[in-house]
Amino acid sequence: MDDHIDDLVAALDPSAAEHLSRLPRTTVGEGTVLFRPGDEAKGFVLVKSGRVAVYLTGRSGREILLYTVEAGETCIQTTLGMLGGQHYTGEAIAETPVTMAIVPRGLFMNLMESSKAFRRFVFRAFAERMGDVTRVLEQVAFVRIEERLAGLLLERADASGVAHLTHQQIATAIGSAREVVSRRLEALAAKGFVDLDRGQIRITDRGRLAALVGG
């Protein structure tokens, strides 16, 4: 398993560690929907590899990316479902092939009651995801669109400076509308910050783009 999960298993008592070590691995392909609004949480997910994106959809149909779940991390909505019996309110989609282990509800509740190390892991992961959600709210409420856009491009660009993102994907990630993102990208292109192509944006002036994030 991932190092974070190996650390968890090592900290548990032998019986609990054995239960987690024996959990079967499940692999799903890119684009797989792991849960939708209204679904019930069937188990506690431990991601071994890959990345899952969790979205919230408003009444208007516009989506916003709440957070991502990567190796060694857990999903705050699943934790709420396990601990509070709440149904999912967001949608989780595998952005890459994902390998995971699922802790059944009965085992999860038993470990929460009997294992201090497991409780610490669950609540630490919960706090980290809450931090991600808080940062999204801060970004949407207080950070200019240009700054959010520049930050996303710098974060997602590969070694050659290309971010493989559509305008809609960017809008979802930064909590804006596609039309607004398209206008801002065209403005950045006119200033020589980026070059635009279908499905990708190439950063041509990393320094000035980074200055937007800092300013």
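Note that this is a predicted model, so its numbers are computed, not measured.

Description of the sheet that holds strand 10 (residues 200–203)
Thinking step 1. On the basis of which strands lie adjacent, the open sheet formed by 3 strands has the order 8-10-9 and antiparallel pairing. In the strand order of this sheet, the two ends are held by strand 8 (162–163) and strand 9 (194–197), each with one partner.
Thinking step 2. Looking at chain direction, strand 8 and strand 10 are connected through 2 bridges and run antiparallel. Opposite V162, over in strand 10, you have R202 as the bridge partner.

With respect to the layout of surface pockets
Thinking step 1. Of the voids in this model, the largest pocket is the one considered here, and its volume is about 640 Å³.
Thinking step 2. Residue lining of the largest pocket: 23 residues in total, with L65, V136, L152, E155 and A173 positioned closest to the centre.
Thinking step 3. Looking at the lining of the largest pocket, the elements that each hand over two or more residues are strand 5 (63–70), helix 5 (116–142), helix 6 (145–156) and helix 7 (167–174).
Thinking step 4. Estimated volume of the second largest pocket: approximately 500 Å³.
Thinking step 5. Around the second largest pocket, the lining is made up of 19 residues, and of these Y55, E95, R156, L165 and Q169 lie nearest the centre.
Thinking step 6. Counting only elements with at least two residues in the lining of the second largest pocket, the list comes to strand 4 (51–57), strand 5, strand 6 (91–94), strand 8 and helix 7.
Thinking step 7. The element best represented in the lining of the second largest pocket is helix 7, accounting for 4 residues.
Thinking step 8. For the lining of the second largest pocket, a count of residues per class yields 8 nonpolar, 5 polar and 6 charged.

Things to note about the pairing of strand 9
Thinking step 1. Across 4 bridges, the pairing between strand 9 and strand 10 is antiparallel. From the neighbouring strand, L196 faces strand 10, where its bridge partner is I201.
Thinking step 2. Two successive antiparallel strands, strand 9 and strand 10, enclose a turn made up of 2 residues, where G199 displays a positive phi of approximately 80°.

Focus: the pairing of strand 5
Thinking step 1. Taking burial as the measure, the 8 residues of strand 5 include 6 buried ones, the bulk of the element.
Thinking step 2. The hairpin turn running from strand 4 into strand 5, its antiparallel successor, is 5 residues long, and G61 in that turn takes a positive phi close to 95°.

Quick notes on the nonpolar core
Thinking step 1. Of all hydrophobic cores here, the largest spans 38 residues; its most connected members are L12, L20, F44, Y67, V103, F108 and F118.
Thinking step 2. Looking at which element gives the most residues to this core, the answer is helix 5, with 5 residues.
Thinking step 3. With sequence-adjacent residues up to four places away left out, F108 is seen in contact with F44, M82, L83, V103, F118 and V122.
Thinking step 4. Formed by 21 residues, the second largest nonpolar core is a distinct cluster that contains A177, V181, L188 and I201.

Details of the packing of helix 6 against helix 7
What describes two packed helices is the angle between their axes and the distance between those same axes.
Thinking step 1. Where helix 6 meets helix 7, the axes come as close as 10 Å, and the angle between the chain directions of the two elements is 115°. As far as their axial angle goes, helix 7 and helix 6 are roughly perpendicular. Where helix 6 crosses over helix 7, the handedness of that crossing is right-handed. Facing I145, R148, L149, L152 and L153 of helix 6, the residues of helix 7 in contact are I170, A173 and I174.
Thinking step 2. Of the residues belonging to the contact of helix 6 with helix 7, the class tally is 7 nonpolar, no polar and 1 charged.

Calculation rules
- Residues numbered from 1 in each chain as written.
- Predicted model: local features only at pLDDT ≥ 70, side-chain atom pairs only at ≥ 80, totals over all residues.
- Heavy atoms only, no water.
- Pairing = 2+ DSSP bridges.
- Helix = DSSP H or I, 4+ residues; strand = E, 2+ residues; numbered from the N terminus.
- 1 Å grid on protein atoms, 1.4 Å probe; cavity = no way out; pocket = protein on both sides within 12 Å on 5 of 7 lines; lining within 4 Å.
- Points joined across faces, edges and corners; volume = space filled by probe spheres on them.
- Nonpolar A, V, L, I, M, F, W, Y, C, P; charged D, E, K, R; others polar.
- Buried < 20%, exposed > 50% of the residue type's maximum accessible area, 1.4 Å probe, protein only.
- Core = buried A, V, L, I, M, F, W, Y, C linked by side-chain atoms within 4.5 Å.
- Contact = heavy atoms within 4.5 Å.
- Axes fitted to C-alpha atoms, helices over the stretch in contact; angles between N-to-C directions.
- Parallel < 35°, antiparallel > 145°, perpendicular 65-115°, else oblique.
- Left-handed = near helix turned anticlockwise from the far one by under 90°.

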